Amino acid sequence: MIVIATPTGRIGRQVLERVLDGPEPVRVIARDPSRLSPQVREQVEIVQGPTDDAGVVGEALAGADAVFWLVPPNPRAESVPEHVLGFVRPLYQAIGDHGVKRVVGVSSLGRGTAKNAGQISAIFAMDELIESTGVSYRSLCPPGFMENILRATASIKSQGVFSLPMSGDRKVPVCATRDIAAVAADLLLDDSWHGQESVPIRGPEDLSYNDMAQIMSEVLRRPVRYQQVPGDAYKATLIQYGVTEAWAQGIVDMAAAVDQGIYTAEPRTPRSTTPTTFRQWCEEVLKPAVLA
């Protein structure tokens, strides 16, 4: 039995699609099962409820061999570390109660080098808590997602600009969520691995935000430019839109850590390189969103 948390999320949905093609029965934890397609609901066992509820998670993990775990973001959280640990403690308890064999979790690049890195530092506490159970664990370690650009769809469409509090010139790896999902699904369907390891996931090229703007301009056939925003101004804008002070500060701290090189601290290897290029992603995902 494979258990999928966040089955309607950006990554979890794609993991679910892939494991449903495999031979193992699948169970999902869904706060709102109506968000699952009718076809998916016919193929999976559903445990309804949130993944920060110990009773729900315990029910879902009974008899599970492998589990996919991801902590969903919550811009309304009053504490970033407590938000993350609130979604991991029920998993920690259920692993011990039910003898789960393997867990695949979504973490981040930069473990061992990131200090005061906001949400990234918090997610490393997830890794440590899961590892403390002794369960066989693969920590998927991507950089920023290409899909994060979609948050700027409106400004790209109306003004030809996207803004973040990071340097426009620093080249960093970036990856598509489809590639994270592919790695996760392969691990969930493979019962031969044991022990605990980090699995770096990097797209095929390191790009600066100015590089990305140039590629977007070429794909969209309209000028797109990147604009770096000071951290304090970016934080103030987030708070204006209802993000808590703690969550906004975490995002600014995370951006500063990326600018300091946490995504490039470890060397790239062929094993850690995934196939989707930024240009391909722009053609297949960003372009339809902007032209819609």
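Whatever comes next refers back to the structure up there.
Remember, predicted model here, so these are calculated numbers, not experimental data. (Residues numbered from 1 in each chain as written. Predicted model: local features only at pLDDT ≥ 70, side-chain atom pairs only at ≥ 80, totals over all residues. Heavy atoms only, no water.)

**Re the layout of surface pockets**
As a volume, the second largest pocket reaches approximately 330 Å³. For the second largest pocket, the lining is made up of 14 residues, of which T6, T8, R31, R35 and P72 are closest to its centre. (1 Å grid on protein atoms, 1.4 Å probe; cavity = no way out; pocket = protein on both sides within 12 Å on 5 of 7 lines; lining within 4 Å. Points joined across faces, edges and corners; volume = space filled by probe spheres on them.)

**What about the sheet that holds strand β7 (residues 144–145)?**
Reading across the sheet, the 3 strands line up as β7-β9-β11 and stay open at both edges, with mixed pairing between neighbours. Of all strands in the sheet, those bounded by a partner on one side alone are β7 and β11 (206–207). Relative to strand β9 (residues 172–175), β7 is paired through 2 bridges, and the arrangement is parallel. By the bridge assignment for β9, G144 is matched with V174. (Pairing = 2+ DSSP bridges. Helix = DSSP H or I, 4+ residues; strand = E, 2+ residues; numbered from the N terminus.)

**Looking at the packing of aromatic side chains**
Counting across every chain of the model gives 4 aromatic pairs. Centroid distance Y209 to Y226: 4.9 Å. Interplanar angle 20°. Geometry classified as stacked. On the criterion of sequence distance, the pair formed by Y209 in helix α8 (residues 209–220) and Y226 in strand β12 (residues 225–228) is long-range, its members being 17 residues apart. When sorted by exposure, Y209 lands in the same class as Y226, which is buried. Put simply, the rings of F162, Y209 and Y226 touch in pairs and so form one group of aromatic residues. (Phe/Tyr/Trp six-rings, centres within 6.5 Å; stacked < 30°, edge-to-face > 60°. Buried < 20%, exposed > 50% of the residue type's maximum accessible area, 1.4 Å probe, protein only.)

**Observations regarding helix α3 (residues 54–61)**
At 3.6 residues per turn, the α-helix brings residues three or four places apart onto the same side. Among the residues of α3, V56, V57, G58, A60 and L61 are the ones counted as buried. On its buried side, α3 packs onto β1 (2–5), β2 (26–30), β3 (45–48), β4 (66–69) and α4 (80–98). N-cap assignment for α3: the residue whose side-chain oxygen lies 2.9 Å from the backbone N of G55 is D53. Phi for G63, located one or two positions after α3, is positive at around 80°. (Contact = heavy atoms within 4.5 Å. Polar contact = N/O pair within 3.5 Å; in protein donor to acceptor, adjacent residues only side chain to side chain.)

**Focus: the side chain of T276**
By the secondary structure assignment, T276 is in the loop between α10 (245–259) and α11 (278–291). Residue T276 is classed as buried on the basis of its relative accessible area of 3%. When near neighbours in sequence (up to four residues on either side) are disregarded, T276 contacts M146, A176, R178, D179, P204 and W281.

**Concerning the nonpolar core**
In terms of nonpolar packing, the biggest core is built from 71 residues, with F162, M216 and F278 touching the most fellow members. If we ignore the near neighbours within four places in the chain, the residues touching F278 are M146, I149, E205, L207, M212, I215 and M216. In terms of nonpolar packing, the next biggest core, distinct from the first, is built from 29 residues, V26, V106, L140 and I180 among them. (Core = buried A, V, L, I, M, F, W, Y, C linked by side-chain atoms within 4.5 Å.)

**What to know about α4**
Spanning 19 residues, α4 covers 28 Å between terminal C-alpha atoms, matching the ideal 27 Å at 1.5 Å per step. At G86, α4 shows its largest bend, some 30°, and a proline, P90, comes one to four positions later. Among all positions in α4, only V80, H83, V84, L85, F87, V88, P90, L91, A94 and I95 are buried. If you follow the buried residues of α4, they end up packed against α3, β4, β5 (102–106), α5 (119–131) and α10. At the N-terminal boundary of α4, the capping side chain belongs to S79, with an oxygen 3.3 Å from the backbone nitrogen of E82. Downstream of α4 by one or two residues, G99 has phi in the positive range, about 65°. (Expected span 1.5 Å × (residues − 1). Bend = angle between axes of the 7 residues up to and from the residue.)

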